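Residue-level structure breakdown
Next come the chains, spelled out residue by residue.
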Amino acid sequence: MRKNLSDKLFERACRVIPGGVNSPVRAFRGVGLTPVFIDRAAGAHIWDIDGNEYIDYVGSWGPMILGHAHPAVVEAVRQAATKGTSFGAATENEVKLAEAVVSAFESIEKVRLVSSGTEAVMTAIRLARAFTGRDLLVKMDGCYHGHSDSMLVQAGSGVAELGLPASAGVPADLAKKTITVPYNDVQALQTVFEKYPHQIAGVIVEPIAANMGVVPPKDGYLQAIRQMCTEHKSVLIFDEVITGFRAAYGGAQSLFHISADLTCLGKIVGGGLPCAAVGGRKEIMDLLAPLGPVYQAGTLSGNPLATAASLAVLEILQKPGVYEQLELLSARLEKGLYEAARKSRTAIQINRAGSILSVFFTDKPVNNFEDVQRCSSRLFKRFFASMLQQGIYLAPSAYEAWFVSLAHTERDIDRTIQAAYNAFTDLNTNET
Ligand code: HOZ
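This section reports on the structure supplied with the text. (Residues numbered from 1 in each chain as written. Predicted model: local features only at pLDDT ≥ 70, side-chain atom pairs only at ≥ 80, totals over all residues. Heavy atoms only, no water.)

**Considerations on the overall build of the protein chain**
- For the protein chain, the count of helices and strands is 15 helices and 14 strands.
- Taken over the C-alpha trace, the protein chain has a radius of gyration of 21 Å; the compact-globule value for 432 residues is 22 Å, and the two agree within 12%.
- Oriented by its inertia axes, the alpha-carbon framework of the protein chain measures out at about 60 × 55 × 50 Å.
- Buried positions account for 56% of the 432 residues belonging to the protein chain.
- Counting only contacts in the protein chain whose residues sit at least 6 apart along the sequence, the fraction spanning at least 24 positions is 72%.
- Put simply, the protein chain has 41 plus and 43 minus side-chain charges, and the middle of one group is 3 Å from the middle of the other. (Helix = DSSP H or I, 4+ residues; strand = E, 2+ residues; numbered from the N terminus. Rg over C-alpha atoms; globule rule 2.2 N^0.38 Å. Buried < 20%, exposed > 50% of the residue type's maximum accessible area, 1.4 Å probe, protein only. Contact = heavy atoms within 4.5 Å. Lys, Arg positive; Asp, Glu negative; His and termini not counted. Charge placed at Lys NZ, Arg CZ, Asp CG, Glu CD.)

Following this line, the structure appears as structure tokens:
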């Protein structure tokens, strides 16, 4: 694998960009390497600036469910761009996209478009506080909800990778208003509700956790959260930034038959461009300005390139067989990886929820953040390096998911399984 140009560019980047990257996990620190710089992508493949080709399982961390540079999306964006790239004014496509979101999610009656998942969550928690007149928020250890002040406590994704319990710069008084409990632990949440009666504005949760690796909810877990929120009149916020339009067209909530009060969307809803959304019950959403007193705004909100891309993606996702195809490919990958691990006598656990999955280096089940932290990060690093060398581009962190797209072929999957077998074998051969 050639890396000359990437290494030189990283040196230049580090002089002018903190850590050389515009989002921490991209720096490859979690795997003790330096990043490859991407030049282009098509379908399920990406190429770095040194000309190395990879099968991509990052998929821009989730949005690229159709694969990269899908012709329908490229054409939609091209056509939109010829008409102007931003107006900071209302457009028809914003209405169409809002209508599409409302019809996809049973629990969403109204939706506001924003530019990132972080913004969607920031708005959702402000709404929850305004609606209830309460301050406290509950989140789950290892869940990640973007980088707004209140959400950086015991967070997953890059925060976990860097081993930070919280972020510097968040006022201690504000951090105190976020209470964290272990994921998949009904009793812990119950205890918090008992300890803080009438004080909890909202509970925010990834219905399928995917920022500590993939950790699906145990049977009944989400139902129990729903019940407690209803009983205590707290707002239930589902962060479906990753699972929205991925776990199913109607998100994880449609699989588990649960109505969140507010839902945060990002990634796929932006069609690979910067667009996200917060939606939910009308009586809560109508608190937003200009109707209500909760302020939220954005120059690039509902951007015309993003809404065009998004509508193109959602149209394709509604075709019959799309999610079945994703399931077939992802199940093939899971089965093949387990088989490769068995043949090479490597202890792994795979957590998979549809087209997202994680390979954990452990022989024990992984149900929460503590379990994730017990897995071998040393083995993950070596596995990652070997896969990269063999042309498989995984997220450079044990806390992120693998994303399968509709552009992956069976051949891509089988090549990945073979590479994983080689990587596992290598781990064992060179283990001391
Ligand atoms: N927050 C993303 C991972 N869960 C990373 C985004 C990025 O680095 O692009």
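**Describing helix α14 (residues 377-389)**
- Here α14 is 13 residues long and its end C-alpha atoms lie 18 Å apart, about the 18 Å a rise of 1.5 Å per residue gives.
- Taken together, the buried positions of α14 are L379, F380, F383, F384, S386, M387 and L388.
- Where the residues of α14 are buried, they touch β3 (53-56), β13 (392-393), β14 (402-403) and α15 (410-429).
- At the N-terminal boundary of α14, the capping side chain belongs to S376, with an oxygen 3.5 Å from the backbone nitrogen of R378.
- Positive phi shows up at G391, right after α14, with a value of about 85 degrees. (Expected span 1.5 Å × (residues − 1). Polar contact = N/O pair within 3.5 Å; in protein donor to acceptor, adjacent residues only side chain to side chain.)

**Quick word on unusual backbone geometry**
- The step from A289 to P290 runs through a cis peptide bond, and the omega angle for that step is 15 degrees.
- On the secondary structure map, P290 appears in the loop between α10 (282-285) and α11 (304-317).
- Its identity as a non-glycine residue notwithstanding, K233 has a phi of 55 degrees, on the positive side.
- Following the sequence through the fold, K233 ends up in the loop between α8 (221-231) and β8 (235-239).
- Using a relative accessible area of 64% as the deciding quantity, one classes K233 as exposed.
- We note that F245 has phi near 65 degrees; this positive angle belongs to a residue other than glycine.
- Position of F245 relative to the elements: it lies in the loop between β8 and α9 (251-256).

**What to know about the sheet that holds strand β1 (residues 38-42)**
- Within the open sheet, the four strands sit side by side as β1-β2-β3-β13. Their pairing is mixed. Looking at which strands have only one partner, the edges of the open sheet turn out to be β1 and β13. (Pairing = 2+ DSSP bridges.)

**Description of the sheet that holds strand β12 (residues 356-360)**
- The strand order β11-β12-β14 describes an open sheet built from three strands, whose pairing is antiparallel. Two strands bound the open sheet, and with one partner strand each, they are β11 (349-353) and β14.
- Bridging between β12 and β14 involves two bridges; their strand directions are antiparallel. The residue bridging L357 from the neighbouring strand is W402, located in β14.

**Digging into the nonpolar core**
- Y57, L333, F361, F383, M387, W402 and F424 are the most contacted members of the largest nonpolar core, which totals 39 residues.
- Residue assignment for this core shows that the elements contributing at least two residues are β3, α12 (322-343), β12, α14, β13 and α15.
- Here this core takes seven residues from α15, the largest share from any one element.
- Not counting chain neighbours up to four residues away, the residues in contact with M387 comprise I392, L394, W402, T416, A419, A420 and A423.
- Grouped together as the second largest cluster of nonpolar side chains are 35 residues, I65, L113, L311 and L317 included. (Core = buried A, V, L, I, M, F, W, Y, C linked by side-chain atoms within 4.5 Å.)

**Quick word on the site of the ligand**
- Around the ligand, the neighbouring residues are S23, V25, R26, W61, Y144, S157, N211 and E400.
- Between R26 and the ligand, the recorded distance is 2.8 Å, taken from a side-chain N or O atom to an oxygen atom.
- For the ligand, whose accessible area on its own is 290 Å², the fraction buried by protein is 86%.
- Here the residues of the shell around the ligand are counted per class, giving three nonpolar, three polar and two charged. (Near = heavy atom within 4 Å. Areas by Shrake-Rupley, 256 points an atom, 1.4 Å probe, with all protein chains shown as cover. Nonpolar A, V, L, I, M, F, W, Y, C, P; charged D, E, K, R; others polar.)

**Describing the pairing of β12**
- Counting buried residues along β12, five of its five residues qualify, which places the element largely inside the surrounding structure.
- Both faces of β12 are covered, namely the face carrying I356, S358 and F360 and the face carrying L357 and V359.
- Relative to β12, β11 is paired through five bridges, and the arrangement is antiparallel. Following the sheet pairing, A353 is matched in β12 by I356.

Without other data, these values stay purely geometric and don't point to any function.
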